[in-house]
Amino acid sequence: MSAASIAAPSRWTWSFEDAEGSPVSPSGVEQPEGGFGAQADAETWVGLNWRPLLAGGAEGAVLLRDNGRVYGPMPLRPAE
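The structure presented is a predicted model; accordingly, all values stated were derived computationally and were not measured. (Residues numbered from 1 in each chain as written. Predicted model: local features only at pLDDT ≥ 70, side-chain atom pairs only at ≥ 80, totals over all residues. Heavy atoms only, no water.)

1. So, the sheet that holds strand β4 (residues 68-75)
And then number 1: Strand order in this open sheet of four strands is β2-β1-β3-β4, and the pairing throughout is antiparallel. With one partner strand each, in any of the chains shown, β2 (23-24) and β4 form the two edges of the open sheet.
And then number 2: Pairing analysis gives two bridges linking strand β1 (residues 12-17) to β2, with the strands arranged antiparallel. If you follow E17 over to β2, its bridge partner there is P23.
And then number 3: Where helix α1 (residues 39-55) meets the sheet, it contacts β1, β3 (60-65) and β4, and its direction lies at approximately 30° from that of β1. (Pairing = 2+ DSSP bridges. Helix = DSSP H or I, 4+ residues; strand = E, 2+ residues; numbered from the N terminus. Contact = heavy atoms within 4.5 Å. Axes fitted to C-alpha atoms, helices over the stretch in contact; angles between N-to-C directions.)

Quick look at the structure:
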């Protein structure tokens, strides 16, 4: 098997949107450099960090796999 036939592992990252759907970079919260190695790791991270993300200006989160949208925006604000 050649090196060219071995696919690079997927990288999972989040992008964030404000209430109007415009991109935002929430202050005070940093994703790991290079993203996450698995979807479950990315989802766990956003589950642990939704409050600071919301406080930093994000209203929605979009999960990306290798820069392609997987799902979202997912609201960060709890349902009332």
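2. Regarding the pairing of β3
And then number 1: With five of six residues buried, β3 is to be regarded as a mostly interior element.
And then number 2: Note: β1 against β3, six bridges, orientation antiparallel. When the bridges of β3 are listed, T13 appears paired with L64.
And then number 3: Relative to β4, β3 runs antiparallel, the two being bridged by five bridges. Paired with G60 across the two strands is P75, which belongs to β4.
And then number 4: Connecting the antiparallel pair β3 and β4 is a turn made up of two residues, with D66 showing a positive phi of about 50°. (Buried < 20%, exposed > 50% of the residue type's maximum accessible area, 1.4 Å probe, protein only.)

3. With respect to the packing of aromatic side chains
Aromatic ring pairs are described here by two measures, namely the spacing of the ring centres and the angle between the planes.
And then number 1: Within this structure, the stated rule accounts for two aromatic pairs.
And then number 2: On the numbers, 6.2 Å between centres and 75° between planes, the contact of W14 with Y71 is edge-to-face. Taken together, the residues span a long stretch of sequence, with W14 in strand β1 and Y71 in strand β4 at a distance of 57 residues.
And then number 3: With 5.7 Å between their ring centres and 50° between their planes, F36 and W45 make a pair best called tilted. Neither residue differs from the other here; F36 and W45 are each classed as buried. (Phe/Tyr/Trp six-rings, centres within 6.5 Å; stacked < 30°, edge-to-face > 60°.)

These results come straight from atomic positions and should not be treated as a statement about function.
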